[in-house]
Amino acid sequence: MILAGDVGGTKTVLAIYAGRTQVPANPVYETRFKNADYACFETILKEFLDHTGATPQAACFGVAGTVKNRRCRITNLPWEISADEIEQTCGIPEVSLINDLKAIAVAVPHLDKGALFTLNPGNPDPLGNMAIVAPGTGLGIAFLVWTGARYRAFASEGGHTAFSPRDSREVNLLAFLTRRYGHVSFERVCSGSQLPNIYEYFLENKIFPEPAWLKEKLAAAADRTPVIVETALKKEADICVATLDMFVHALGTITGNMAVTLLPTGGIYLGGGMPLRILKRLTQPDFLGRIADKGRFVSLCADMPVHVILDPKAALHGAAWYGFENLTDK
């Protein structure tokens with residue numbers, strides 16, 4: 001029995017699986033928690049175990065942060081998680097922590113065609129590297145390398161590479177965000193929590209007007225990102241359309257950067273919540289155009305398959321597969 005978890009910046013999902021064949025379709029238990037309601041991860045974990053009565057042999061948690069020495073400080077939460085402490089306090093013999101993007105990467109080779117939406121079929125190398133670019137609450141990046149027996153997943157913090165503008169408007173956005181943050185990573189531009197930064201740039205520089213009805217709607221919203229995105233998709237306000245356009249272009253740029261950095265000839269996979277929310281917008285040619293806009297490497301990048309992961313629980317399922325693989329390897 002495996003306990004698997006997806007610990008993000010906004011929510012935590014925990015599930016119990018009684019065997020590999022149950023992943024992902026038939027968990028014994030599965031529960032979603034809103035992180036803002038809890039002071040620490042251990043409180044969520046104890047509540048889940050008490051409620052289910054489960055006694056898992058092992059656990060694996062995909063966590064939204066860098067894992068070092070079996071510990072992780074969640075990037076967008078004041079939480080620190082320790083695998084050693086979980087083993088001691090919860091009585092779980094074997095606990096693994098992996099980066100949440102590594103968890104998604106582990107899931108990718110297991111995804112069937114129905115779990116993917118293909119933006120570019122490309123010319124895939126069946127044993128080529130694969131890249132995962134996932135804008136959700138933050139911006140995560142991971143990759144897979146074929147070892148000769150199976151794919152092995154690796155985490156990175158590529159979402160925190162410096163934002164690189166590609167036109168004059170993006171140069172001005174960089175200057176705006178530099179005044180606000182100092183260092184400006186791609187995550188400050190193309191992640192769900194940071195998308196309002198682009199909107200505020202247009203607003204502060206009076207590039208587009210803000211309709212009164214939109215101002216009221218944003219003021220009343222607990223999370224402005226869904227309001228901006230939905231308004232953009234419906235083309236109800238120019239400032240929202242421009243905000244989403246810039247988001248998509250920046251996402252294309254960082255994805256293209258990863259294309260030439262990681263050489264993912266086996267495919268590029270877009271994960272996280274944002275691609276699902278803006279799937280229709282990503283089908284427009286400017287997104288793939290940004291990925292391939294790499295000078296002498298246009299043809300190489302244009303040949304790389306690009307898919308959107310439709311499974312919203314890919315990180316959870318990847319954590320489960322990783323847990324079972326660890327038990328098998330031992």
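Residues numbered from 1 in each chain as written. Predicted model: local features only at pLDDT ≥ 70, side-chain atom pairs only at ≥ 80, totals over all residues. Heavy atoms only, no water.

Got a minute to help me understand the overall build of the chain in this structure?
If you tally the helices and strands in the chain, you get 13 helices and 14 strands. For 330 residues, the compact-globule estimate of 2.2 N^0.38 gives 20 Å, and the chain sits close to it at 20 Å. Principal-axis analysis of the C-alpha atoms places the extent of the chain at approximately 55 × 45 × 35 Å. When contacts within the chain are restricted to residue pairs at least 6 apart in sequence, those whose partners lie at least 24 apart make up 69%. Each charge class in the chain can be summarised by its mean position, and for the 32 positive and 33 negative side chains these summaries are 3 Å apart. (Helix = DSSP H or I, 4+ residues; strand = E, 2+ residues; numbered from the N terminus. Rg over C-alpha atoms; globule rule 2.2 N^0.38 Å. Contact = heavy atoms within 4.5 Å. Lys, Arg positive; Asp, Glu negative; His and termini not counted. Charge placed at Lys NZ, Arg CZ, Asp CG, Glu CD.)

Whenever I open this one, the sheet that holds strand β7 (residues 80-82) confuses me. Can you help?
Sheets are built from strands that pair by backbone hydrogen bonding, the pairs being arranged parallel or antiparallel. Taken in spatial order, the 3 strands line up as β5-β6-β7 in an open sheet, and their pairing is antiparallel. Each of the sheet's edge strands pairs with one partner strand only, and the pair in question is β5 (67-68) and β7. Summarising the sheet, strand β6 (residues 71-73) and β7 pair through 3 bridges and their orientation is antiparallel. Note that in β7 the partner of Cys 72 across the bridge is Ile 81. Set on the sheet, helix α2 (residues 83-90) makes contact with β6 and β7; between it and β7 the angle comes to about 65°. (Pairing = 2+ DSSP bridges. Axes fitted to C-alpha atoms, helices over the stretch in contact; angles between N-to-C directions.)

Would you explain the pattern of salt bridges in this entry?
Where charged atoms from two side chains of opposite charge come close, those side chains can pair. One pass over the structure, following the stated rule, counts 14 salt bridges. Close ionic contact of Glu 170 with Arg 290 constitutes a salt bridge, the shortest N to O distance being 3.1 Å. Note that Glu 170 is positioned in helix α4 (residues 168-181) and Arg 290 in helix α11 (residues 285-292), a separation of 120 residues in sequence. Judged by its relative accessible area of 1%, Glu 170 falls in the buried class. Between Asp 286 and Arg 281 there is a salt bridge, with the nearest N and O atoms lying 2.7 Å from each other. Here the salt bridges do not stand alone but share partners, grouping Arg 71, Arg 73, Glu 80 and Glu 85 into one network. (Salt bridge = Lys/Arg side-chain N within 4 Å of Asp/Glu carboxyl O. Buried < 20%, exposed > 50% of the residue type's maximum accessible area, 1.4 Å probe, protein only.)

I keep staring at a nonpolar patch on the surface and nothing clicks. Help me out?
Together, Val 260, Leu 263, Phe 297 and Leu 300 make up a nonpolar patch on the protein surface, roughly 320 Å² of accessible area in all. With respect to the element layout, Leu 263 can be found in the loop between α8 (238-262) and β13 (267-270). Here Leu 263 falls in the partly exposed class, since its relative accessible area comes to 43%. (Patch = residues over 30% accessible without salt bridge, like charges linked within 9 Å, V, L, I, M, F, W, Y side chains within 5 Å. Areas by Shrake-Rupley, 256 points an atom, 1.4 Å probe, with all protein chains shown as cover.)

Would you take a moment to explain the sheet that holds strand β10 (residues 130-135) for this structure?
Reading across the sheet, the 6 strands line up as β9-β14-β13-β10-β11-β12 and stay open at both edges, with mixed pairing between neighbours. Each edge of the open sheet carries a strand with a single partner, namely β9 (116-120) and β12 (151-155). Sheet twist, expressed as the mean angle between neighbouring strand axes with direction ignored, is 25°. Relative to strand β14 (residues 306-309), β13 runs parallel, the two being bridged by 3 bridges. Bridge pairing in β14 links Tyr 269 to His 307. Sitting on the sheet, helix α3 (residues 100-107) is in contact with β10, β11 (139-146), β12 and β14, with an inclination near 40° to β11. Packing of α8 onto the sheet brings it into contact with β10, β11 and β13, and relative to β10 it is tilted by some 155°.

How do you make sense of α8 when you look at a structure like this?
For an α-helix, the turn length of 3.6 residues means that residues three or four places apart are oriented alike. Between its first and last C-alpha atoms α8 spans 36 Å; for 25 residues at 1.5 Å apiece the expected length is 36 Å, and the two agree. For α8, a buried count of 20 out of 25 residues is recorded, marking the element as mostly surrounded by other parts of the structure. Leu 263 sits one or two residues past α8 and shows a positive phi near 50°. (Expected span 1.5 Å × (residues − 1).)

Please clarify how the packing of helix α6 (residues 212-220) against helix α7 (residues 224-233) should be interpreted in this entry.
For any two helices packed against each other, one specifies the crossing angle of their axes together with the interaxial distance. Two elements in contact, α6 and α7, have axes whose closest approach is 9 Å; the angle formed by their N-to-C orientations is 150°. As far as their axial angle goes, α7 and α6 are roughly antiparallel. Taken together, the residues of α7 that come into contact with α6 (itself represented by Trp 213, Leu 214, Lys 217 and Leu 218) are Arg 224, Val 227, Ile 228 and Thr 231. When its residues are assigned to classes, the contact of α6 with α7 shows 5 nonpolar, 1 polar and 2 charged. (Parallel < 35°, antiparallel > 145°, perpendicular 65-115°, else oblique. Nonpolar A, V, L, I, M, F, W, Y, C, P; charged D, E, K, R; others polar.)

I keep staring at the nonpolar core and nothing clicks. Help me out?
In globular proteins that are soluble, nonpolar side chains generally tend to be buried together. Leu 173, Phe 247 and Leu 282 are the most contacted members of the largest nonpolar core, which has 52 residues in total. For this core, the element with the most residues is α8, which contributes 13 residues. Look past the residues within four positions of Leu 173 in its chain and what remains in contact with it is Phe 163, Val 189, Asn 197, Ile 198, Tyr 201 and Met 246. In this structure, Ile 98, Leu 101, Val 108 and Ala 319 belong to the second largest nonpolar core, which totals 36 residues. (Core = buried A, V, L, I, M, F, W, Y, C linked by side-chain atoms within 4.5 Å.)

Any chance you could explain the packing of helix α5 (residues 196-204) against α8 here in plain terms?
With their axes 9 Å apart at the nearest point, α5 and α8 run at an angle of 130° to one another. Considered as vectors, α5 and α8 are oriented oblique to each other. The interaxial crossing formed by α5 with α8 has right-handed handedness. Across the interface between the two elements, Ile 198, Tyr 199, Tyr 201, Phe 202 and Leu 203 from α5 touch Ile 239, Cys 240, Ala 242, Thr 243, Met 246 and Phe 247 from α8. Residue composition of the contact of α5 with α8, by class: 10 nonpolar, 1 polar and no charged. (Left-handed = near helix turned anticlockwise from the far one by under 90°.)

Nothing here speaks to function; it is all geometry.
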